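Inside the fold
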Amino acid sequence: MLQQLANGVFAGSIYALFAIGFTLVFGVLRHLNLAHPAVFTAGAFIGIEVAARTAIPIWILFPVVALFGALAGVLVERIAFRPLRGRDDEHFAGLISSVALGGVVIALLQARYGTDPQHFAADYFPNRLFEVAGVRVTLTQLVTLGLALVLMLGLAWLVSATSLGRSMRAVAENPTAAKVLGVNVGRVTAGTYALSSALGTVAGALLALNLGQAGRDLGASIELVGFAVIILGGLGSLWGAMAAGVVLGVAEALTIHLFDSTWKSMVAFALLFAVLVLRPRGLFGHVKVREV
Amino acid sequence: MLAGYDALITTIALGAILAYSFHVVLMAGQLSLGQAGFASLAAYVSTLVVPTEPIAGSISPVIVGLPMGALVGAAAAFVVGLPVLRLRGVFLAIATIASAEMIRVLINNAEWTNGALGMRLDRWVTFDFAWAVVAVLAYLFWRLGPSRSGRAFAAVREDELAAGSMGVDVARTRMASFVASGAIAGVYGVMFAYFFGRITPVSFDFSLTVSGLVTAVLGGYLVFFGPVLGAVFLGAVPEVQNALGLEAGWIHPLVTGVLLLAVILFLPGGLSTLFARLRPAPARPGPDYAPLDALDPLPDPGTPLASVTGLAKSYGAVNAVRGVDLEIRAGEVLGVIGPNGAGKTTLVNMISGLEPPTAGEGTVLGVPIGSRPHRFAQAGVSRTFQHSKLFERLTVLDNVLVGTHVVSRSTYLRRLLWLPSARRDERRALALAWAQLERVGLADRAAARPGALSYGDRRRLEIARALAAHPTLLILDEPAAGMNHVEALELAGLIRGLADDGVTVLFIEHNVKMVLDACTRLVVLDFGEVIAEGEPREVAADPRVVEAYLGTEHEESEHV
């Protein structure tokens, strides 16, 4: 039982990392970036390739992956969202253009890596096993949890205390007013996407590290759970997404424990459905409901 | 020539059917993505009723499955729609995705569906059968477009508040599009099952939703055959690549993705944009406005139309309106003035159903205060908005046609059967709309989009749309805001002309000169209360009014 809870927390921290990148872009720019799962997958593949080619240690690997991610985020915004700005179907068209771009990214991954899943070398990261109070945890899981915590707290600090974060909050509140007051909206937009995708790619690489491998459907497999997390947490709310990620991870683990794995996603979606119908702003969110 | 392409052609047809189930919700502006769930339920249930042998020797047994599938899909959509249709935008999208996933898990864990292993079925769907179904759907949408229901869909998509104020029952229209989407998804599910000969829960996962949505948006909603365009495009691209000798593998999805991206970025409205431009400009009906004589007569002057007492509205600690009593009689032009924040807009919002009051009661044209906007509109209240709420992606003429909603009858079912009475009704609506455009002087802009109009013309268009409802009571919320002096004078003339035609007018205005020129009775609000009421010149001279509102103006006039 305790073991299941722990597993749920680990899984949930990856959900949360995936989801905060997703919800960050929505919270600041009102864009639903459906290319995010593809960027997440790309992060896993890039992580595996960089690890195989350079054998750099893990604490350098993730910053490198994040750099790739930031670059990818800027490109996603330039290609799929910026050209739509000001169009009356902006939000709607953004959904489709980002799906299309996500497809392109996956096709490019296939071009480079083929159709087989890619693996981390077995000895890349020593997967030591610990036992704490009767709960077995691996080193990878600890690294995952630690990194996820550091990144989430870092992001929260960045948004609340830095000048980029202040500009992001200003744009989230009112893009026009922010522009009038001298905020460089173009830069903030690019910065938001860079951060979001950096988080997404790191989350992808982390999941791959946990699984030992990554296939092209890695992002698709987590996409729907990601939706559930951002809604449960309240769209646009960072703290909500973090909490909801863990709640959902634990709920899934408990479902597997009590029923069996085929009912796993039922919990996520039943919870999601109930929250949407009863409390559309999410369990923790207070973001204004905005139309897409 | 088609030999060897049977499977491809049928797949395209299936893609078009799936896309129609998205098309119908997109037309009404609802981002509803539960179709995969409705399709799977319909597919599984249909296996219980579809016979294993052709009917009467040659008819495909799937013919039994289609109505069953449509029924199951529609019923499932209705049940899911009851709780989720309160949601909008991305929240609706995700709630519906969640419903589809729940259905998938249920089917995966049920006995009668054979769980994750799925079912094997006979392959009864041929390409001519599939295209016959597409043809029927295309016909249904072709006839829907320029009908009263089709316009209601478009109005709800563009602006729900304005649609409701024009008499469209927004909740019902959204549910109708949702249920229709479920029915079409159900048909798709049955076709899918008996084309591929195998269904598993995985056949109806999220990727099906994405592909249906992409096909529908790619095709666009501007023409009735948009879904077919999208399906042909997505079906043909891999084939063309094969023909060009491009290897399969990663190149195909890459090219498809890039093309899709290009269409979305450069063709707002999808592929249908290419065809929508071919549409002829709307023809003005001849001098034949005879159908307009059949409109109901307006009430005789002096008939009480509205009576409210103690009407109040507070937002938290802010009391916007505090205990207003108001009577409106037929034939009057009632001006409402007051400083900014006096509660004028809140007052008219309450008597047109946009906001429920926190206290007070009364009726407007027999409709109790607190009812939904379309009830007031159906009773004969029509209004404009302080910040114009036009249907931006409809033409000027179509905007006004939406206004005729409450004075016309539904024509869709009769249009399906080509009944002459439907044509007569549509002509009558058209004549009514043109007459209003001429009344406000916008007839030569009929084919333009509202975005291309000047500010004053936009206000005039809103008035024309409101007038097309043949209102008993017309409410104008700051109609002259942003107009120049000459335009405001013209507008005052128009309002007096309406009164001569028997329309009762309530209007809010800041342009005091215009109010005094146009109205027969004046109400002054301050801090949510009526501080003066009566004959315009007398009220304007009332010291309390002068103090609250007209201060500077009064001083000026004394010096003159």
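Bear in mind that the values here come from a model prediction, so they are computed numbers and not experimental data.

What follows is about the overall build of chain B. When helices and strands are counted, chain B shows 22 helices and 12 strands. Across the 560 residues of chain B, 51% fall into the buried class. Contacts spanning at least 24 positions in sequence make up 74% of the contacts within chain B whose residues lie at least 6 apart.

What follows is about the overall build of chain A. Assigned secondary structure in chain A consists of 11 helices and four strands. Scaling as 2.2 N^0.38, a compact globule of 292 residues should have a C-alpha radius of gyration of about 19 Å, and chain A matches this with 19 Å. The C-alpha extent of chain A, read off along each of the three principal axes, is 55 × 45 × 35 Å. Per-residue burial for chain A yields a buried fraction of 53% across its 292 residues. Counted over contacts in chain A with a minimum sequence separation of 6, partners at least 24 positions apart contribute 77%.

What follows is about the nonpolar core. Ranked by size, the top nonpolar core spans 288 residues in total, and within it A:Leu272, B:Ile17 and B:Met191 carry the most contacts. Ranked by residues supplied to this core, first place goes to helix 1 (residues 2-29) of chain A with 16 residues. Excluding its chain neighbours within four sequence positions, the residues that come into contact with B:Met191 are B:Leu14, B:Ile17, B:Val125, B:Ala130 and B:Val133.

Next up on the list: the pairing of strand 12 (residues 529-534) of chain B. Residues and elements named next belong to chain B. As judged from the five bridges shared by strand 11 (residues 521-526) and strand 12, these two strands associate in the antiparallel manner. Counted as the bridge partner of Val523 is Glu533 from strand 12. Taken together, strand 11 and the strand that follows it, strand 12, pair antiparallel across an intervening segment of two residues, in which Phe527 is found at a positive phi of about 50 degrees.

Here the focus is the sheet that holds strand 6 (residues 359-364) of chain B. Either a parallel or an antiparallel arrangement is found when strands of a sheet pair, and the pairing is made through backbone hydrogen bonds. Residues and elements named next belong to chain B. Pairing in this open sheet of four strands is antiparallel, and the strands run 4-3-6-7 from one edge to the other. The open sheet is flanked by strand 4 (318-329) and strand 7 (367-368), the only strands paired with a single partner. Strand direction decides the pairing type here: strand 3 (residues 304-315) and strand 6, joined by five bridges, are antiparallel. Each residue of the ladder has a partner; that of Val308, found in strand 6, is Gly362. Sheet strands in contact with helix 13 (residues 344-351) are strand 3, strand 4 and strand 6, and its direction is about 120 degrees off that of strand 3.

Listed per partner, the contact involves 37 residues of chain A and 36 residues of chain B. Per-element tally for the side of chain A that touches chain B: the top contributor is helix 4 (residues 90-113) of chain A, with 13 residues. Each residue belonging to the side of chain A that touches chain B can be placed in one class, and the counts come to 28 nonpolar, five polar and four charged.

This next bit is on helix 6 (residues 148-158) of chain B. For helix 6 of chain B, the tally of buried residues reaches 11 of 11 residues, placing the bulk of the element in the interior. Within helix 6 of chain B, the full set of buried residues consists of B:Arg148, B:Ser149, B:Gly150, B:Arg151, B:Ala152, B:Phe153, B:Ala154, B:Ala155, B:Val156, B:Arg157 and B:Glu158.

Turning our attention to the pairing of strand 3 of chain B. Residue and element names in this part refer to chain B. Judged from the eight bridges that link them, strand 3 and strand 4 form a sheet pairing that is antiparallel. Its bridge partner lying in strand 4, Ser307 is registered against Glu327. Between the antiparallel neighbours strand 3 and strand 4 lie two residues, among them Gly316 with a positive phi of about 60 degrees.

This next bit is on unusual backbone geometry. Residues and elements named next belong to chain B. Residue Leu365 is not a glycine yet carries a positive backbone phi of 50 degrees. Among the secondary structure elements, Leu365 is positioned in the loop between strand 6 and strand 7. The phi dihedral of Trp418 is positive, around 60 degrees, even though this residue is not glycine. Structurally, Trp418 is set in the loop between helix 16 (412-416) and helix 17 (420-440).

Here we take up the sheet that holds strand 10 (residues 504-508) of chain B. Residue and element names in this part refer to chain B. Here we have six strands laid out as an open sheet, ordered 8-9-10-5-11-12, and mixed in their pairing. Only two strands of the sheet have a single neighbouring strand rather than two, namely strand 8 (381-383) and strand 12. Looking at each pair of strands side by side, their axes are set apart by 20 degrees on average, direction ignored. Of the strand pairs in this sheet, strand 9 (residues 473-477) and strand 10 are connected by five bridges, and their pairing is parallel. Residue pairing for strand 10: Leu474 is matched across the bridge by Val505.

Under the domain assignment, chain B is made up of domain 1 (6-276), domain 2 (304-380 + 471-559) and domain 3 (387-453). Spacing between the C-alpha centres of domain 2 of chain B and domain 3 of chain B amounts to 28 Å.

Residues and elements named next belong to chain B. Mapped onto the present numbering, the UniProt feature "transmembrane region" (unreviewed entry) falls on residues 7-26, 32-50, 62-84, 90-112, 124-142, 175-196, 208-234 and 254-276. Across residues 124-142, helical content stands at 84% and strand content at 0%; the span's end C-alpha atoms are separated by 28 Å. Secondary structure content for residues 254-276 is 78% helix and 0% strand, while the C-alpha to C-alpha distance between its ends is 29 Å.

The next subject is the environment of B:Gly331. Residues and elements named next belong to chain B. Note that Gly331 resides in the loop between strand 4 and strand 5 (333-337). Along the backbone, Gly331 and Asn399 are 68 residues apart, and their C-alpha atoms lie at a distance of 27 Å. Aside from chain neighbours lying at most four places away, what touches Gly331 is Pro301, Gly302, Ala499, Gly502 and Thr504.

What follows deals with the environment of B:Val263. All names here are of chain B. Relative to the assigned elements, Val263 resides in helix 11 (residues 251-266). C-beta crowding within 10 Å serves as the criterion here: with 24 such atoms nearby, Val263 is assigned to the buried category. Between the C-alpha atoms of Val263 and Thr520, which are 257 residues apart in sequence, the distance is 56 Å. Once residues within four sequence positions are removed from consideration, Val263 is found in contact with Leu218, Gly270 and Leu271.

Residue and element names in this part refer to chain A. Sites flagged by UniProt as "transmembrane region" (unreviewed entry) map to residues 6-27, 34-52, 58-80, 92-113, 133-159, 224-250 and 262-278. Along residues 133-159 one finds 78% helix and 15% strand; the C-alpha atoms at either end are 36 Å apart. Structurally, residues 262-278 comprises 88% helix and 0% strand, and the distance from its first C-alpha atom to its last is 26 Å.

We now examine the confidence of the model for chain A. Per-residue pLDDT for chain A averages 87, and the proportion of residues at 70 or more is 96%. Confidence drops under pLDDT 50 across residues 286-292 of chain A; counting only partners more than four residues distant or on other chains, this segment forms 20 contacts.

This part covers the packing of helix 5 (residues 139-161) of chain A against helix 6 (residues 163-173) of chain A. If you want to describe how two helices pack, look at the angle between their axes and the distance between the axes. Residue and element names in this part refer to chain A. Contact geometry for helix 5 and helix 6: axes closest at 5 Å, N-to-C directions at 75 degrees. With respect to helix 6, the axis of helix 5 lies roughly perpendicular. Of helix 6, the residues touching helix 5 (which contributes Leu158, Val159, Ser160 and Ala161) are Leu164, Gly165, Met168 and Arg169. In terms of residue class, the contact of helix 5 with helix 6 is built from five nonpolar, two polar and one charged.

Criteria and cut-off values
- Residues numbered from 1 in each chain as written.
- Chains lettered and ligands numbered in written order.
- Predicted model: local features only at pLDDT ≥ 70, side-chain atom pairs only at ≥ 80, totals over all residues.
- Helix = DSSP H or I, 4+ residues; strand = E, 2+ residues; numbered from the N terminus.
- Buried ≥ 20, exposed ≤ 12 C-beta atoms within 10 Å, placed from the backbone.
- Contact = placed C-beta atoms within 7 Å.
- Rg over C-alpha atoms; globule rule 2.2 N^0.38 Å.
- Core = buried A, V, L, I, M, F, W, Y, C linked by C-beta atoms within 7 Å.
- Pairing = 2+ DSSP bridges.
- Axes fitted to C-alpha atoms, helices over the stretch in contact; angles between N-to-C directions.
- Nonpolar A, V, L, I, M, F, W, Y, C, P; charged D, E, K, R; others polar.
- Domains from an automatic or database assignment.
- UniProt positions renumbered as here; feature names shortened; annotations may be inferred.
- pLDDT = per-residue confidence, 0-100.
- Parallel < 35°, antiparallel > 145°, perpendicular 65-115°, else oblique.

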